[in-house]
Amino acid sequence: MKFSYYPGCSLHATAMEYGSSVQAVFKALDAELVEISDWNCCGASSAHNLNYLLSLCLPARNMAIAQEQGQTLVVPCVGCLSRLKMADRVLRDDPARRREVEDIVGFRYSGDLRILPPLAIIGHDIGLERVRGRVQRPLEGLAVACYYGCLLVRPPEIAQFDDPEYPRSMDQLMEALGAKTVEWSWSTECCGAALSLTRRDIVEHLVDRLVDTARQAGAQMIVTACPLCQVNLEMRQKAEGERLPILYFTELMGLAFDLEGTKRGLDQHLVSPLPLLQSLSLVPVGQAF
């Protein structure tokens with residue numbers, strides 16, 4: 001299987017461990033990710049607050065490139081995913097705006113491009129049976145809280161992925177790896193998102209509530225699919241001695257698949273998962289990555 005791939009800015013910078021683990025996991029599942037050429041920033045959370053037309057043209061240009069490569073575009077960053085799917089919805093439903101964007105970008109919108117997160121591809125196109133068959137080191141004894149955040153499943157008419165109130169795709173994947181998933185009511189609550197730099201007080205309050213709730217539910221770790229959620233949850237926890245590790249779901253897939261390349265990112269987190277993983281014999285004590 002071959003898919004077009006849009007990493008976005010974060011996976012080449014602050015979320016490099018996410019980018020490398022996504023690539024490694026797909027390769028292990030016999031799926032090829034082909035990075036689209038000459039891609040640009042999607043506009044993230046800035047463009048649509050400043051210039052609506054620009055917020056459509058930036059992701060539309062990436063869609064134009066992806067259209068030439070295939071019918072499915074894999075987008076790991078949830079922020080990028082939201083902007084691309086929002087632009088796709090406007091181009092699909094608003095003919096006048098579509099013509100305007102097409103003229104600026106210089107392409108013709110086909111409407112055939114599927115824009116999907118890795119979780120959707122792994123759960124449906126690849127399938128959990130293949131995931132189970134690739135597991136070399138089951139994550140037995142590890143209790144995780146799956147955190148979907150705001151944008152992966154909402155707004156539902158844009159995301160069109162999983163249940164917006166009770167998503168299960170990440171939980172099912174973690175269970176396929178041998179981990180235990182906890183039931184908790186905050187899996188889609190906001191972590192503060194882009195307020196991390198401008199209103200640290202708000203983010204710390206939201207993050208502490210999320211982490212405390214996950215811990216009370218019995219989680220030893222929080223697993224996410226969003227670079228901004230990951231850094232917020234990891235960086236803005238205040239309780240130094242009680243902090244939970246925050247990992248990308250693909251890092252745990254790499255660990256369960258016993259992929260050496262994905263393990264190197266485990267000791268780069270602000271909250272190290274190594275003591276926990278070593279206590280469960282999932283990572284050898286004293287092993288250097």
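For the structure itself, look to the data block above.
What counts, and at which threshold
- Residues numbered from 1 in each chain as written.
- Predicted model: local features only at pLDDT ≥ 70, side-chain atom pairs only at ≥ 80, totals over all residues.
- Heavy atoms only, no water.
- Helix = DSSP H or I, 4+ residues; strand = E, 2+ residues; numbered from the N terminus.
- Buried < 20%, exposed > 50% of the residue type's maximum accessible area, 1.4 Å probe, protein only.
- Contact = heavy atoms within 4.5 Å.
- Disulfide = S-S within 2.5 Å.
- Pairing = 2+ DSSP bridges.
- Axes fitted to C-alpha atoms, helices over the stretch in contact; angles between N-to-C directions.

Colleague: Before we go on, may I ask you to explain the environment of glutamate 140 in this structure?
Modeller: Within the secondary structure, glutamate 140 is located in the loop between α6 (118–134) and β5 (143–147). Judged by relative accessible area, which is 56%, glutamate 140 ranks as exposed. It is 22 Å that separates the C-alpha atoms of glutamate 140 and threonine 213, two residues lying 73 residues apart in sequence. If we ignore the near neighbours within four places in the chain, the residues touching glutamate 140 are Gly178, Leu280 and Leu282.

Colleague: Sorry if this is basic, but what is going on with the state of the cysteines here?
Modeller: Chemically, a disulfide is nothing more than a covalent bond linking the sulfur atoms of two cysteines. According to the stated counting rule, one finds zero disulfides in the structure shown. Counting only cysteine sulfurs, cysteine 150 is the nearest neighbor of cysteine 190, a cysteine outside any disulfide, at a range of 3.7 Å. Given a relative accessible area of 33%, cysteine 190 falls into the partly exposed group.

Colleague: What exactly am I supposed to notice about the sheet that holds strand β3 (residues 72–74) here?
Modeller: The pairing of strands in a sheet happens through backbone hydrogen bonds and is either parallel or antiparallel. One open sheet holds the four strands; their spatial order is β2-β1-β3-β4, and the pairing between them is parallel. The open sheet has two edge strands with one neighbour each: β2 (32–35) and β4 (114–116). Neighbour-to-neighbour, the strand axes of the sheet open up by a mean angle of 35°, direction not taken into account. As defined by bridge partners, strand β1 (residues 2–5) adjoins β3 across two bridges and the pair is classed as parallel. Each residue of the ladder has a partner; that of tyrosine 5, found in β3, is valine 74. Where helix α1 (residues 16–28) meets the sheet, it contacts β1, β2 and β3, and its direction lies at approximately 170° from that of β1. Contacts from helix α4 (residues 78–93) reach β3 and β4 within the one sheet, and its direction differs from that of β4 by about 155°.

Colleague: I would appreciate a short explanation of the sheet that holds strand β7 (residues 221–224) in the present structure.
Modeller: Reading across the sheet, the four strands line up as β6-β5-β7-β8 and stay open at both edges, with parallel pairing between neighbours. In this open sheet, the two strands that pair with only one neighbour each are β6 (180–181) and β8 (246–248). Here two bridges tie β5 to β6, and the two strands are oriented parallel to one another. Paired with alanine 143 across the two strands is lysine 180, which belongs to β6. Of the strands in this sheet, β5, β6 and β7 are in contact with helix α8 (residues 169–176), which crosses β5 at around 155°. In the packing of helix α12 (residues 249–257) onto the sheet, contacts are made with β5, β7 and β8, and the angle to β8 comes to roughly 75°.

None of the figures reported here should be taken as evidence of function without further support.
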